[in-house]
Each structure stands twice: as C-alpha cells, then as structure tokens.
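# Structural overview for review
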Amino acid sequence: MRPQTIQLRPESGQRSVAMRFGKCALFVIGSSVPASCAGVQSALAPAGMEAEQVATLFWVMTAGGALIWALVVLLSLYASRWKRGPVSEQAAGRLILWAGVAFPVSVLAALLSYALWLMPSLRPFADDGDASMRVEVVGGQFWWHVVYRREGQPPVVSANEIRLPVGERVEFSLTSRDMIHSFWIPSLGGKTDLIPGRTNRLSLLATKAGTYRGQCAEFCGTSHALMAFPAIAMEPDDFDAWLEARRSPSAGLDAGREGRAIFLREDCGDCHRVYGTAANGTSGPDLSHVGSRLTIGAGLMENETGALARFIAHSGSVKAGSLMPAYLRLSEDELDAIAIWLKGLE
Ligand code: CUA
C-alpha cells in the first residue's frame, strides 16, 4: 500500500483547469471593461462635468485597489515561498503595527479625503447663482413627467425625455407621485432618488453634445427595468429653438383629424394633455409634441406609428404594470389613425 501524501501543489490536470480559469477571468476583465466603458449609458464615458468627476474617482479608487492587491499578493508570495522560516515575536508585532494598522488607516484616510474633497463640486446648486434653468422631474408608474422652467419664461411640459443645453448648468428638482424611483443619466452625472412628498435636487452640466440614455436606478415595480429615457445634450442655440417651439401647440395638430377625433372620443384626454386641444389630463404623459420624441413608453420602443398603435392596444402587456388601460376594443384602422395623428405632433 502506498503511503498517503498531502498534496501541496496541484497536479498537471488541476493546474490546467486553474490556468484556464485564470485566462478566462483575464479575458472577461479585458473584454468587458472596454465594452462597458463606451456607449450611451456609461459612467466611464463621461459627457458631463459631474460624470467626469465620478469617472476620475472610480479610476483613482480602482488604481488604489489594484496597487494594494498587488502588494498583498507579493507579501503572501514572500511569506509562503521565500521566507518560510519562523519570525521573531518582535518582527511579527512590527508587521501588525505597520501593515495591519498604520497602512490601512492612512490609505483609507487618503481615499476618503479625496472623495470628500470632490463632493462639494458634485453638488453645486442654483442658489449659488450659476443655474439659469430648472427641470422638474416627477417619477410615475413607470414614466417621467418633465417640466422646463427658465426664468421669466412660461414653463414647458414634456415627458419621458430630457433635453439640456451643452455648457449650461441645469438644476433638476426631483420628486415622485407614487413609489421611490431614482433618476440617473450615467454619462452626465450621479444618481438621485425621487421620493414621494420630498423634493431632491441634482445639478448637471453637459460638456459634450449627444444622445445618452437615462434609467430608473431604484427598483420600483414590474416595469422598473423599462423605465428609461433618452437624454439629449444639445448645442445652446438648438436647445433654445427646441424649447421655444414647445411653447406653442404642435403644427401637426390639424393633420390626421380622424385620429384626433378618435383620441378625444375615447377620452384619452382624461389622462393625457395635448396642448391646443381639449385633452388636458395630467395622470399620464403629456403628448403635446410626442411625435418629435425619440422613443415611446419611456425609452421602451422607437417612436414609430406601428409602435404607438401597439402601445395603445396592448399597453399592459407591452409594459407590465402600466396604469394605462389596453384599448383592445379599437379597430386596427382606428389605432392607426390615432398613431398617425400622434406621430404628426412634432
Ligand atoms: Cu422607477 Cu425603478
């Protein structure tokens, strides 16, 4: 009978599994980091001042963590491979004092001080006198009510899309009409909760024009994952023109009158507002200029007549938990007519 041995090193088969796992981990890290760094919804592809600071903080913390990890690996290699003899009690005491107390305390204090030093610049407010526009956002089940307020100008009501001018500080006031949601445009800045009965504030300054993606970042029910919105940073002149156009009823109001008649007949106006018509509801998204939005259903589908008709007929299955009733009783022609009229509201 062969004596039993305690195995200290993996045999070749086990080593290859370990090596394969290591290679796989490296591949996953190597391939997923660049992929997650890019794109329209990435905190690591900043297009705003606040997002740049968040990204810098992330990279400083990551580099700090990686250095400490490498140091610990080196120390354990040293202890397990090269310095295998006993250590004097005095040396062990020194090691605990320096590596176990002094080092973590000073590193954590340095990283904490850096993060605290960044914080005031992440939260500048209109009271400081540098924001000339306020955007009110109210979270609902599962959509966003949006009101743009510029000093001395009438407000503009919209929904499920955020637009802001590049190079201008915008203050957001955030609240909710039902449960807790969270407003997050990773490319532009950090997230802030929308809490019923309370108004939270967030300030963003976009530095790069483009179309980004915002997402509700707090679980709020069945369609939480479908509660998104496009966030569009525009050149200041384009933004002003866009906002000004929304101060009047849509030019497409009188085109496709058949759809408009069905929309009003079906009492869609009890929940939705269409500026310039009798539709004046506030419990659903404002549809005054819905035709010019990039998406419908709060970032759910591309804004096309087919998708609009589908949403009207099957709201509950397209977006589970949506408060809008499904209009299955409407014929396909009627659905198309409403969708064509809405799409024309640019
Ligand atoms: Cu709203 Cu999650």
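Because the structure is a prediction, the values reported are computed rather than measured. Each chain has its residues counted from 1, running along the sequence as written. Given that the model is predicted, a residue must reach a pLDDT of at least 70 before its local features are reported, and side-chain atom pairs must reach 80 or more before they are shown or counted; all residues, however, enter totals for whole chains, interfaces and linings. The side-chain values count all of the structure's non-hydrogen atoms but skip hydrogen atoms and water molecules.

## Quick notes on the nonpolar core
Soluble, globular proteins show a tendency: their nonpolar side chains are buried together. Operational definition: Only buried residues count toward a nonpolar core, which is a set of Ala, Val, Leu, Ile, Met, Phe, Trp, Tyr and Cys residues joined through side-chain atoms within 4.5 Å. Here the term buried applies to any residue with accessible area under 20% of the maximum for its type, exposed to any over 50%, and partly exposed to those in between, with areas from a 1.4 Å probe on protein chains only. The helix count covers DSSP runs of H or I at least four residues long, the strand count covers runs of E at least two residues long, and both are numbered beginning at the N terminus. Contacts: residue pairs with any heavy atoms within 4.5 Å of one another.
Of all hydrophobic cores here, the largest spans 35 residues; its most connected members are Val 135, Val 137, Trp 144, Tyr 148, Ile 162, Phe 172 and Phe 183. Secondary structure elements with two or more residues in this core: β1 (131-139), β2 (144-150), β4 (162-165), β5 (169-176), β8 (200-205), β9 (210-216), β10 (228-234) and α4 (236-245). Residues contacting Phe 172, with those up to four places away along its chain left out, are Val 135, Val 137, Ile 162, Leu 164, Phe 183, Asn 200, Arg 201, Leu 202 and Leu 204.

## Observations regarding the environment of Val 146
Tracing the chain through its elements places Val 146 in strand β2. Each C-alpha atom of the pair Val 146 and Phe 172 lies 9.9 Å from the other, and the pair is 26 residues apart in sequence. In this view, Val 146 contacts Val 135, Glu 136, Val 156, Val 157, Ser 158, Ala 159, Asn 160, Glu 161 and Ile 162; residues no more than four positions away in its chain are not counted.

## Things to note about the sheet that holds β9
Sheets are built from strands that pair by backbone hydrogen bonding, the pairs being arranged parallel or antiparallel. Here is the rule: Being paired, for any two strands, means DSSP has found at least two bridges between them. For every element, the axis is a line fit to its C-alpha atoms; helices are fit only across the contacting stretch, and the angle between N-to-C directions ranges from 0 to 180 degrees.
With respect to topology, five strands assemble into an open sheet ordered β4-β10-β9-β6-β7, the strand pairing being mixed. On the outer flanks of this sheet lie β4 and β7 (192-194), each paired with one strand and no other. For this sheet, the mean angle separating the axes of adjacent strands, direction not counted, is 25 degrees. Strand direction decides the pairing type here: β4 and β10, joined by four bridges, are parallel. What sits directly across from Ile 162, in β10, is Ala 231. Those strands touched by α4 are β4 and β10, and its axis lies near 130 degrees from that of β4.

## A word on a nonpolar patch on the surface
The test is simple: Grouping into patches uses exposed residues only, defined as over 30% relative accessible area, and leaves out salt-bridged ones; the cut-off is 9 Å for like charges and 5 Å for nonpolar side chains (Val, Leu, Ile, Met, Phe, Trp, Tyr). The Shrake-Rupley method, run with a 1.4 Å probe sphere, supplies the accessible areas, and residue values consider only the shown protein chains as cover. Any carboxyl oxygen of Asp or Glu within 4 Å of a side-chain nitrogen of Lys or Arg constitutes a salt bridge here.
A cluster of nonpolar side chains, namely Trp 69, Val 73, Leu 74, Leu 77, Tyr 78 and Trp 82, defines an oily patch on the protein surface of about 670 Å² accessible area. If you trace the backbone, Val 73 turns up in helix α2 (residues 49-82).

## Considering the packing of helix α6 (residues 305-318) against helix α7 (residues 332-343)
This is how the line gets drawn: The labels follow the angle: roughly parallel below 35 degrees, roughly antiparallel above 145, roughly perpendicular from 65 to 115, and oblique for the rest. Here is the rule for handedness: rotate from the far helix to the near one, and if that takes an anticlockwise turn smaller than a right angle the crossing is left-handed, while a clockwise turn gives right-handed. When residues are grouped by polarity, Ala, Val, Leu, Ile, Met, Phe, Trp, Tyr, Cys and Pro land in nonpolar, Asp, Glu, Lys and Arg in charged, and all others, Gly among them, in polar.
Running from N to C, α6 and α7 cross one another at 125 degrees; their axes reach a closest spacing of 8 Å. Taken together, α6 and α7 sit at an angle that is classed as oblique. Read as a crossing pair, α6 and α7 show a hand that is right-handed. Residues Thr 305, Leu 308, Ala 309, Ile 312 and Ala 313 of α6 touch α7, and the partners they reach there are Leu 335, Asp 336, Ile 338, Ala 339, Ile 340, Leu 342 and Lys 343. Here the residues of the contact of α6 with α7 sort into nine nonpolar, one polar and two charged.

## Describing a negative patch on the surface
Defined as follows: The charge count includes Lys and Arg as positive and Asp and Glu as negative, but it does not include His or the ends of the chains. Charge coordinates come from a single atom per side chain, which is NZ of Lys, CZ of Arg, CG of Asp or CD of Glu.
Together, Glu 258, Glu 332, Asp 333 and Asp 336 give the surface a local cluster of negative charge. With three residues, α7 is the largest single contributor of residues to the negative patch. Considering the arrangement of structural elements, one finds Glu 258 in helix α5 (residues 257-265).

## Some words on the pattern of salt bridges
The full count for this structure, using the stated rule, is 15 salt bridges. Between Glu 168 and Arg 150 there is a salt bridge whose closest N-O contact spans 2.8 Å. Of this pair, Glu 168 sits in the loop between β4 and β5 while Arg 150 is found in strand β2, placing the two residues 18 residues apart along the sequence. Residues Glu 168 and Arg 150 agree in their burial class; the two are buried. When salt bridges that share partners are traced, they join Arg 265, Glu 266, Arg 329 and Glu 334 into one network.

## Let's talk about the pairing of β9
A regular strand places its side chains so that they alternate between the two faces of the sheet. Two elements, strand β6 (residues 181-184) and β9, share two bridges in a ladder whose sense is antiparallel. Residue pairing across strands places Phe 183 opposite Cys 216, the latter belonging to β9. Sheet analysis places β9 next to β10, joined by six bridges and oriented antiparallel. Among the inter-strand pairings, Tyr 212 is bridged to a residue of β10, identified as Ala 231.

## Here we look at α6
Which entries qualify depends on this criterion: The span you would expect from a helix comes to 1.5 Å times its residue count less one. The term bend refers to the angle at a residue between two fitted axes, each drawn through seven residues, those ending there and those starting there.
With 14 residues, α6 ought to run about 20 Å at 1.5 Å a step, yet its terminal C-alpha atoms sit only 15 Å apart, falling short of that. Considering bend angle alone, the principal kink of α6 is centred on Ile 312 and spans about 70 degrees. When α6 is considered as a whole, its buried residues turn out to be Ala 307, Leu 308, Ala 309, Phe 311, Ile 312, Ala 313, Ser 315 and Val 318. On its buried face, α6 is in contact with β11 (295-296), β12 (301-302) and α7.

## Re unusual backbone geometry
At the junction of Gln 141 and Phe 142, the peptide bond is cis and its omega measures out at 0 degrees in the coordinates. Inspection of the secondary structure assignment puts Phe 142 in the loop between β1 and β2. A positive phi angle, near 55 degrees, is found at Asn 160, a position not held by glycine. Despite not being glycine, Ala 298 has its phi angle at roughly 60 degrees, a positive value. Note that Ala 298 resides in the loop between β11 and β12. Residue classification places Ala 298 among the buried residues on the basis of a relative accessible area of 0%.

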